[in-house]
Amino acid sequence: MSQVADQAYLNTRVSVMAARLFAPDLIERLAHLPLSALADEFGLVALLDDQAAPAACRRAVEQSLFQLLLSELLVLTHPMNAGERGLVLDWGRKYALYNLKTLIRGKLHDLDRREINDNLFELPAHIRLPDKELFGAENVLELLRQLEAGPQRHIARQAREVYEQQREPFALEAAIDQRYFIGLVRRIQVFGAPHQEWLRRLISAELDRIGLLWLLRFRFTYQLSPSETYYWLVPSMRLLTRERLLHLVDLDGFEQVLEALPEPLGRLTADCRSIAEVQQRLARYSLDEIRLVLARSPSGVARALAYLMLRETDLLRLFAVIQGRLLGFDDQTIQRALAQIEPGVHGS
């Protein structure tokens, strides 16, 4: 197919799949649905196994929803060219990094192999880590050195160097997250019009949200210095640019940072009194930006990535409700959990 035909096919496929996204009334109803209704409406047979323990049921549902998301990701990559496919697979590789963090925590806390394995995602060959080989690593540094021979070498090398210098789990995980987002930003630089404009808008919505939350936590919860805080941030290509971040990290108070934010972030967070409130407002902002890209962008790859982000958020919502029901939480508690759901953040 020609490039034009490829884009038309991809855009059509995204439009068809977008019909699967949860409608606003379904999101409203989710927190009130019992497990039986959730099983029927979403075809989750694992919820119908009366003999399974809640933990086993939770794990089965989590893997089922996760496999659904990955299968849709792979379907969308079929008509893509190499650059588009690479970007979307890189987005999916964050789940390999969740596995990497689980393995690292297991090594740091000397956890049982079965306990670690129970918290790993089952990933397709395109994006998975060599988990079996990594299990055999004697310690965190050896684990990261093994990864330096594969596609995650840039992330693994930076994480190893940071851990060798600081021996600090927080810095190790921050290095992994930072390198992941830097990789995504570099990926979209090679795209031409109209893709790059819309991909920049999409990824920047994520970076603006994540950058502000990291800045607030690092400066005012972890009490890092302005220079240390800035070191861990990844500048956005729209609102929280390098220059703005340099200014914001120098401010001494939570309220001062919010007052100095560019619009619309300043307006959205104006009356927030805690990082949790800011997190909730930014999650809504980010979702609105992603929906806008899905609705208006002519770029098939930008729309495909926007769809996957929204689909992931829907499935996280569904899993949060199921987990709440399995733990016996009431509707109000589940609704509060739903309000905290963010795109790109897994709850486990």
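Residues numbered from 1 in each chain as written. Predicted model: local features only at pLDDT ≥ 70, side-chain atom pairs only at ≥ 80, totals over all residues. Heavy atoms only, no water.

Let's shift gears to the overall build of the protein chain. When helices and strands are tallied, the protein chain shows 19 helices and zero strands. Taken over the C-alpha trace, the protein chain has a radius of gyration of 21 Å; the compact-globule value for 348 residues is 20 Å, and the two agree within 12%. For the C-alpha atoms alone, the extent of the protein chain along its principal axes is close to 55 × 50 × 50 Å. Counting across all 348 residues of the protein chain, residues that qualify as buried make up 53%. Accessible surface computed for the protein chain: about 16,300 Å², of which carbon and sulfur atoms make up 51%. Averaging the locations of the 42 positively and 45 negatively charged side chains of the protein chain gives two centres separated by 4 Å. (Helix = DSSP H or I, 4+ residues; strand = E, 2+ residues; numbered from the N terminus. Rg over C-alpha atoms; globule rule 2.2 N^0.38 Å. Buried < 20%, exposed > 50% of the residue type's maximum accessible area, 1.4 Å probe, protein only. Areas by Shrake-Rupley, 256 points an atom, 1.4 Å probe, with all protein chains shown as cover. Lys, Arg positive; Asp, Glu negative; His and termini not counted. Charge placed at Lys NZ, Arg CZ, Asp CG, Glu CD.)

Counted under the stated rule, the structure contains 14 aromatic pairs. Aromatic pair phenylalanine 66 and phenylalanine 121: ring centres 4.4 Å apart, planes at 40°, arrangement tilted. Here phenylalanine 121 lies in the loop between helix H7 (113-117) and helix H8 (131-135) and phenylalanine 66 lies in helix H4 (residues 54-77), a separation of 55 residues in the sequence. Residue classification places phenylalanine 66 among the buried residues on the basis of a relative accessible area of 5%. The rings of Phe170, Tyr180, Phe181, Trp214, Phe218, Tyr222, Tyr231 and Trp232 are connected pair by pair, giving a single aromatic cluster. (Phe/Tyr/Trp six-rings, centres within 6.5 Å; stacked < 30°, edge-to-face > 60°.)

Glancing now at the nonpolar core. With 121 residues, the main nonpolar core has Leu76, Leu100, Ile203, Leu216, Val278 and Leu305 as its most contacted residues. For this core, the leading source of residues is helix H18 (residues 300-326), giving 16 residues. Residue contacts for leucine 216: discarding those within four places in its chain leaves Thr221, Phe254, Val257, Leu258, Ile275 and Val278. (Core = buried A, V, L, I, M, F, W, Y, C linked by side-chain atoms within 4.5 Å. Contact = heavy atoms within 4.5 Å.)

Attention now moves to the pattern of salt bridges. On inspection of all chains with the given rule, the structure shows 22 salt bridges. When the shortest N-O distance is used, the salt bridge between glutamate 312 and lysine 94 registers 2.8 Å. With glutamate 312 in helix H18 and lysine 94 in helix H6 (residues 94-108), the pair connects residues that are 218 residues apart, well separated along the chain. The buried category is assigned to lysine 94, whose relative accessible area is 6%. Arginine 291 is the salt-bridge partner of aspartate 288, the closest N and O atoms lying 3.4 Å from each other. Residue aspartate 288 and its partner arginine 291 are located together in helix H17 (residues 275-296), separated by three residues, close to a single helical turn. Using a relative accessible area of 48% as the deciding quantity, one classes aspartate 288 as partly exposed. (Salt bridge = Lys/Arg side-chain N within 4 Å of Asp/Glu carboxyl O.)

Turning our eyes to something else, we now look at the environment of proline 34. Examined against the element boundaries, proline 34 turns out to sit in the loop between helix H2 (24-30) and helix H3 (35-42). Counting along the chain gives 79 residues from proline 34 to arginine 113, while the straight-line C-alpha distance between them is 34 Å.

The buried fraction of helix H5 (residues 82-92) amounts to eight of the 11 residues, a majority that puts the element mostly inside the structure. Burial in H5 covers these residues: Glu84, Gly86, Leu87, Val88, Leu89, Asp90, Trp91 and Gly92. The opening residue of H5 is asparagine 81, an N-cap whose side-chain oxygen sits 3.1 Å from the backbone nitrogen of glycine 83. (Polar contact = N/O pair within 3.5 Å; in protein donor to acceptor, adjacent residues only side chain to side chain.)

Here we come to the packing of H5 against H18. Any two packed helices are characterised by the angle at which their axes cross and by the distance between the axes. It is at 10 Å that the axes of H5 and H18 come closest, and there the two elements cross at 15°. Judged on the interaxial angle alone, H18 and H5 are roughly parallel. Of the two possible hands of crossing, H5 and H18 adopt the one that is right-handed. Along its contact with H5, which presents Glu84, Leu87, Val88 and Trp91, the element H18 presents Val301, Leu305, Leu308, Met309 and Glu312. When its residues are assigned to classes, the contact of H5 with H18 shows seven nonpolar, no polar and two charged. (Axes fitted to C-alpha atoms, helices over the stretch in contact; angles between N-to-C directions. Parallel < 35°, antiparallel > 145°, perpendicular 65-115°, else oblique. Left-handed = near helix turned anticlockwise from the far one by under 90°. Nonpolar A, V, L, I, M, F, W, Y, C, P; charged D, E, K, R; others polar.)

Turning to unusual backbone geometry, a few remarks are in order. The omega torsion across alanine 193 and proline 194 is -5°, close enough to zero to call that bond cis. Take proline 194: it is sitting in the loop between helix H11 (169-189) and helix H12 (195-221). Cis geometry is adopted by the peptide bond preceding proline 264, which originates at glutamate 263 and carries an omega value of 10°. Within the secondary structure, proline 264 is located in the loop between helix H15 (254-259) and helix H16 (265-269). Phi is positive for aspartate 110, which is not a glycine, with a value near 50°.

Once that is clear, we can look at the packing of H5 against H6. Here H5 crosses H6 at 30°, and the two axes come no closer than 4 Å. The angle between the axes of H5 and H6 places the two elements in the roughly parallel class. Judged by residue contacts, Asp90, Trp91 and Gly92 of H5 engage Lys94, Tyr95 and Ala96 from H6. For the contact of H5 with H6, the class distribution of residues is three nonpolar, one polar and two charged.

Bringing the side chain of glutamate 148 into the picture now. Topologically, glutamate 148 is positioned in the loop between helix H9 (140-147) and helix H10 (153-166). Ignoring sequence-local partners within four residues, the contact set of glutamate 148 consists of Arg153, Ala156, Arg157 and Arg160.

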